[in-house]
Amino acid sequence: MGFALVGFALFVLWLGGIAFWLVVTIIGIGMLREWADLAKADLATRRMMLFALSVPLAIMSPMAAGPQFFALGLIAAAAIFILVSTRQSMLALGIVYTGLPVLALLLIRKQPDGLLFTIWAMALVWMCDIGAFFVGRAFGGPRLAPSISPNKTWAGFVGGIVAAAAFGAILHVGWGLPWRLTLATPLLAVAAQGGDLYESWLKRQAGVKDSGSMLPGHGGLMDRLDGLIPVAPIAAFLVMLPEIRAMGTGLIPGLIQGLGE
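Residues numbered from 1 in each chain as written. Predicted model: local features only at pLDDT ≥ 70, side-chain atom pairs only at ≥ 80, totals over all residues. Heavy atoms only, no water.

Draft legend 1. The arrangement of the overall build of the protein chain in detail. A tally of regular secondary structure across the protein chain gives 11 helices and two strands. Helices and strands in the protein chain line up, N terminus first, as α-α-α-α-α-α-β-β-α-α-α-α-α. Scaling as 2.2 N^0.38, a compact globule of 261 residues should have a C-alpha radius of gyration of about 18 Å, and the protein chain matches this with 19 Å. With the C-alpha coordinates of the protein chain rotated into their principal frame, the extents come out at 65 × 50 × 35 Å. Burial status across the protein chain gives 45% buried among its 261 residues. Element-wise, carbon and sulfur atoms account for 71% of the exposed surface of the protein chain, whose accessible area totals about 13,400 Å². Distance between charge centroids for the protein chain: 5 Å, based on 16 positive and 12 negative side chains. (Helix = DSSP H or I, 4+ residues; strand = E, 2+ residues; numbered from the N terminus. Rg over C-alpha atoms; globule rule 2.2 N^0.38 Å. Buried < 20%, exposed > 50% of the residue type's maximum accessible area, 1.4 Å probe, protein only. Areas by Shrake-Rupley, 256 points an atom, 1.4 Å probe, with all protein chains shown as cover. Lys, Arg positive; Asp, Glu negative; His and termini not counted. Charge placed at Lys NZ, Arg CZ, Asp CG, Glu CD.)

Below you can see the structure in the form of structure tokens.
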């Protein structure tokens, strides 16, 4: 089933547009439901959280405003709404935790070289997981975080970084992945493994083995995407760094001119 999921993800990624938005939106809503379950939110609160997140997700649709920085403000507003309504910061954090990666992936895919960049962001996490698994199994050794995830080792941690870095280098040589993304790949592999550990910690806090049961034999959506959740926003920032710099370059002269008038 794992290969089928990867194949489906790549197919939808290739399609882009409304198909990609629809799939990542459904995934975002599914992850938020799992987060609410881990936080032991009641049914009414869970519905309110899903409604709050659905607003920015709908705005991100290609049929609406699309993925823009404006959606970032809507995600923040949804989180504040949940915080004020429930007075539970954990539930508000769930809005950001699940909404931000959706916006990030849509922003990356929207770029002129979005297909390559999105494959990079997603597949580096897969390569990191593969490298960590096989190197950890082969070498064993000291545990990385025994109180959180007893099966993870320092050898696997390094193996994941090396595998992701090699993948980034291949994309650079073969498909022209920019240097800034290639050099950042090992750091994103660290972030991916940090996301994995964080999700393991959440499950331990909730006293459950899996975040959900939406993927039979694979647990929940958060179980499969825990590494991508922190990677996607960082990757989006790096992908859009030239555009962000251009915005800043144009903003400063405008502010100076405005102060002089």
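Draft legend 2. Just the packing of aromatic side chains, in detail. Going through the model one piece at a time under the given rule, you end up with six aromatic pairs. When the ring of W35 is compared with that of Y97, the centres are 4.7 Å apart and the planes differ by 40 degrees; the resulting orientation is tilted. Of this pair, W35 sits in helix 2 (residues 17-38) while Y97 sits in helix 5 (residues 89-110); the two residues are 62 residues apart in sequence, bridging distant segments of the chain. We classify W35 as buried; its relative accessible area is 1%. Residue Y97 is classed as buried on the basis of its relative accessible area, which comes to 11%. Centre to centre, the rings of Y198 and W201 are 5.9 Å apart; their planes meet at 20 degrees, and the pair counts as stacked. Residue Y198 and its partner W201 are both found in helix 8 (residues 179-206); the two are separated by three residues, about one turn of the helix. (Phe/Tyr/Trp six-rings, centres within 6.5 Å; stacked < 30°, edge-to-face > 60°.)

Draft legend 3. Examining the layout of surface pockets more closely. There is about 170 Å³ of room inside the second largest pocket. The set of elements that each furnish at least two residues to the lining of the second largest pocket consists of helix 4 (69-86), helix 5 and helix 10 (228-239). By residue number, the principal contributor to the lining of the second largest pocket is helix 5, which donates four residues. A breakdown of the residues in the lining of the second largest pocket according to their chemical character gives 11 nonpolar, no polar and no charged. (1 Å grid on protein atoms, 1.4 Å probe; cavity = no way out; pocket = protein on both sides within 12 Å on 5 of 7 lines; lining within 4 Å. Points joined across faces, edges and corners; volume = space filled by probe spheres on them. Nonpolar A, V, L, I, M, F, W, Y, C, P; charged D, E, K, R; others polar.)

Draft legend 4. Quick look at empty space enclosed by the protein. Across all of its chains, the model carries one cavity of 30 Å³ or more by this definition. The wall of the largest cavity is formed by V125, W126, D129, R224, L225 and L228. For the lining of the largest cavity, the secondary-structure elements that each account for two or more residues are helix 6 (114-139) and helix 9 (221-225). Element by element, the count of residues in the lining of the largest cavity is highest for helix 6, at three residues.

Draft legend 5. The arrangement of the pairing of strand 2 (residues 149-153) in detail. As judged from the two bridges shared by strand 1 (residues 143-145) and strand 2, these two strands associate in the antiparallel manner. The residue of strand 2 that forms the bridge with R143 is T153. What sits between the antiparallel neighbours strand 1 and strand 2 is a turn of three residues. (Pairing = 2+ DSSP bridges.)

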